[in-house]
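So the chains spell out like this:
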There are 2 protein chains.
Amino acid sequence: MKSININSKFEKFSKNWNPHQIAVVDDMQVLLAKLKGEFIWHTHEEEDELFQVIKGTLYIQFRDKTVEVKEGELIVVPKGVEHCPMTKNDEEVHVMLFEKLSVKHTGNVESELTVNSYPKI
Amino acid sequence: MKSININSKFEKFSKNWNPHQIAVVDDMQVLLAKLKGEFIWHTHEEEDELFQVIKGTLYIQFRDKTVEVKEGELIVVPKGVEHCPMTKNDEEVHVMLFEKLSVKHTGNVESELTVNSYPKI
């Protein structure tokens, strides 16, 4: 058992839209990701997904609205709800994600952004 | 779907060692708690428990060591491992917990601190 410093872990990678795993809690994982620009529209059919914003402002687009999630805030995207994260003004946003070990970040969509396993850091 | 401001939620309660639920992710929950002084020694036989420190410095005592968890850090206490959270110097520490909906905060121990359900805020 040891403490994990979130910002120190963010220094260990630089690529955007490329989650890294920092912890596992039962069958769920804690991921860090650096987001910049617009991701892809996708749905997680079986899993909820929590985004906690550590730095910057994240925008989660849904089909009927966009929700702003600021530093110190979090949002849960329920399973089955199509969404597309984005950032504005070329800002790199740091998020901590909490989700099932089984989740793929691009959900039901295979894209060039899809990675099949997350590096542990 | 809406954003949840962590510090605003902390303003909604004051009692120490009394977790409040701010979100659910699949079969896990996000709890906020204000900790001050020493809790009780206990074990969660079936569930891991994540502590993320939002304000202050938390100390998790294990039988063989104590781990300091500072603001911006987190720790996972694995299932089956006896532990006792504490704070020092009369500091009130704010933590966010991720754990199974089934978890009791006092684990295998019934104490006057045990609550059987967490208020939703």
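Everything quoted here is computed from the prediction, not taken from an experiment.

A. A look at the relation of the copies chain A and chain B. The two copies are related by a screw operation: chain A maps onto chain B through 180 degrees of rotation and 0.0 Å of translation along the axis, at an RMSD of 0.0 Å. In short, the pair behaves as if placed about a two-fold rotation axis. Most of the interface of chain A is mirrored in chain B, where 100% of its interface residues are also at the interface.

B. A look at the pairing of strand S9 (residues 93-100) of chain B. Residue and element names in this part refer to chain B. Burial within S9 is extensive, with eight of its eight residues counted as buried. As paired strands, strand S3 (residues 28-35) and S9 are joined by eight bridges and run antiparallel to one another. Each bridged residue has a counterpart across the sheet, and for alanine 33 the counterpart in S9 is valine 95. Two strands pair when backbone bridges link them, and strand S4 (residues 49-55) and S9 are joined in this way by five bridges, in the antiparallel orientation. Pairing of leucine 50 across the sheet is with phenylalanine 98, part of S9.

C. Structural view of the nonpolar core. Core analysis: the biggest nonpolar cluster contains 32 residues, and Phe98 of chain A together with Met96 of chain B have the highest contact counts within it. Residue contacts for phenylalanine 98 of chain A: discarding those within four places in its chain leaves Val25, Met28, Gln29, Val30, Glu49 and Leu50 of chain A together with Val25, Met28 and Phe98 of chain B.

D. Here's a closer look at the sheet that holds strand S5 (residues 57-61) of chain A. Residues and elements named next belong to chain A. Taken in spatial order, the three strands make up an open sheet running S6-S5-S8, and their pairing is antiparallel. Two strands bound the open sheet, and with one partner strand each, they are strand S6 (66-70) and strand S8 (84-86). Geometrically, the sheet is characterised by an average inter-axis angle of 25 degrees between neighbouring strands, direction not taken into account. Pairing geometry for S5 and S8, over three bridges, is antiparallel. Considered in S8, the bridge of isoleucine 60 is made with proline 85.

Parameters at a glance
- Residues numbered from 1 in each chain as written.
- Chains lettered and ligands numbered in written order.
- Predicted model: local features only at pLDDT ≥ 70, side-chain atom pairs only at ≥ 80, totals over all residues.
- Heavy atoms only, no water.
- Least-squares fit on C-alpha atoms with pLDDT ≥ 70 in both.
- Contact = heavy atoms within 4.5 Å.
- Buried < 20%, exposed > 50% of the residue type's maximum accessible area, 1.4 Å probe, protein only.
- Helix = DSSP H or I, 4+ residues; strand = E, 2+ residues; numbered from the N terminus.
- Pairing = 2+ DSSP bridges.
- Core = buried A, V, L, I, M, F, W, Y, C linked by side-chain atoms within 4.5 Å.
- Axes fitted to C-alpha atoms, helices over the stretch in contact; angles between N-to-C directions.

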